[in-house]
Amino acid sequence: MRNIHQRYVRETYDDQGLLETLSVECPPDFNFGYDVVDDIAENDPDRRAMVWCNPEGEEHVFTFGDMKEWSDRTANFLASCGIGRGDFVMVILRRHYQFWFVATALAKLGAVMVPATFMLKEHDLEYRLQGAGIKAVIATSCGDIADVVDNVAASCPTVQAKILVNGAGGGLTPRETEVLALLAQGRSIPYIRDELIISRETAATHAKHIYAKLGVHSRQELIDLAHETAAQDEAV
């Protein structure tokens, strides 16, 4: 353990070892991304930082080395979008693991993260964007929140960048891969239900997640994407 907190916290204990006083003493240049995440990454890169999983059975394990790499990449990308120190950035990423890459990256840039719910309606979102002087919005592709952002962004002059993040875990689960193969063949939900021996509701839920993760909105778009991908693979 790095015991990093001891650099920034002063504690006193009584004779029985019980905490008596505690004070936080962070220097003006303290940065959680660099002084905590990256410190651990540089000294103990294989230490587990996060285990992310979802109800569909997808699981991702990230070490502190991973968190440093992905937050650095994210910070570089956001900087290329003009985001920097003092900028207010609205983040609507539900419970995706990418939320933590973004949060750490914004800390490294000195930007201010403004978390928001994906359930915002147009008038709610417009009020928040204008009231906080939001410069950029980072939103999930799941659901319709990205469309809500598009519908109000023009009336919010401070918004200069809109960034879409692939929903859920960013990859397909083994079951979703099976469902995708059948959808790409033009198979119906009832056919998929019978073929994979799952309920109709489960098949429909998998299809919904696949559409969100691949960024398509119709069966034909999905089939076209599958054909394009197959053609590219053959060309390689």
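Our subject is the structure listed above.
Residues numbered from 1 in each chain as written. Predicted model: local features only at pLDDT ≥ 70, side-chain atom pairs only at ≥ 80, totals over all residues. Heavy atoms only, no water.

### Focus: the pairing of strand β5 (residues 88–92)
Looking down a regular strand, the side chains alternate between one sheet face and the other.
So, step 1. Of all 5 residues making up β5, 4 are buried, and the element is well covered by its neighbours.
So, step 2. The pairing of β5 with strand β6 (residues 112–115) spans 4 bridges and is parallel. Across the sheet, Val89 pairs through a bridge with Met113, a residue of β6.
So, step 3. Following the backbone out of β5, through helix α4 (residues 98–109) and into the adjacent parallel β6, one traces a crossover that is right-handed.
So, step 4. Here β5 pairs with strand β7 (residues 136–140) via 4 bridges, running parallel. Within β7, the residue paired with Met90 across the bridge is Val137. (Buried < 20%, exposed > 50% of the residue type's maximum accessible area, 1.4 Å probe, protein only. Helix = DSSP H or I, 4+ residues; strand = E, 2+ residues; numbered from the N terminus. Pairing = 2+ DSSP bridges. Right-handed = clockwise from strand over helix to strand, strands pointing away.)

### Looking at the packing of aromatic side chains
So, step 1. In the structure shown here, the tally under the stated rule is 7 aromatic pairs.
So, step 2. Ring geometry for Tyr8 against Phe30: centres 4.8 Å apart, planes inclined by 70 degrees, an arrangement best described as edge-to-face. Here Phe30 lies in the loop between β2 (19–24) and α2 (32–43) and Tyr8 lies in helix α1 (residues 5–8), a separation of 22 residues in the sequence.
So, step 3. Of the residues examined, Tyr8 reaches a relative accessible area of 12% and is grouped as buried.
So, step 4. Assessed through its relative accessible area of 28%, Phe30 is described here as partly exposed.
So, step 5. When the ring of Trp52 is compared with that of Tyr97, the centres are 5.4 Å apart and the planes differ by 85 degrees; the resulting orientation is edge-to-face. Residue Trp52 is located in strand β3 (residues 48–53), and its partner Tyr97 is located in the loop between β5 and α4; the two are separated by 45 residues in the primary sequence.
So, step 6. You can call Trp52 buried: its relative accessible area is 10%.
So, step 7. The rings of Trp52, Phe62, Trp70, Tyr97 and Phe101 are connected pair by pair, giving a single aromatic cluster.
So, step 8. Taking the ring centre of Phe118 as reference, the NZ or CZ of Arg94 above it sits at 3.8 Å.
So, step 9. Seen from the ring of Tyr191, Arg187 lies directly overhead, with NZ or CZ sitting 4.3 Å from the centre. (Phe/Tyr/Trp six-rings, centres within 6.5 Å; stacked < 30°, edge-to-face > 60°. Lys NZ or Arg CZ within 6 Å of the ring centre and 35° of its normal.)

### Considerations on the environment of Ala132
So, step 1. Along the chain, Ala132 turns up in helix α5 (residues 122–132).
So, step 2. When the C-alpha positions of Ala132 and Phe88 are compared, they lie 7.3 Å apart, and in sequence the two are 44 residues distant.

### Here we look at the packing of helix α7 (residues 174–184) against helix α9 (residues 200–214)
So, step 1. Where α7 contacts α9, the axes come no closer than 10 Å and their chain directions differ by 85 degrees. With respect to their mutual orientation, α7 and α9 come out roughly perpendicular. Contact with α7, carried on its side by Arg175, Glu176, Val179, Leu180 and Leu183, involves His206, Ala207, His209, Ile210, Tyr211, Lys213 and Leu214 of α9 and no other residues of that element.
So, step 2. Among the residues making up the contact of α7 with α9, the classes are represented as 7 nonpolar, 2 polar and 3 charged. (Axes fitted to C-alpha atoms, helices over the stretch in contact; angles between N-to-C directions. Parallel < 35°, antiparallel > 145°, perpendicular 65-115°, else oblique. Contact = heavy atoms within 4.5 Å. Nonpolar A, V, L, I, M, F, W, Y, C, P; charged D, E, K, R; others polar.)

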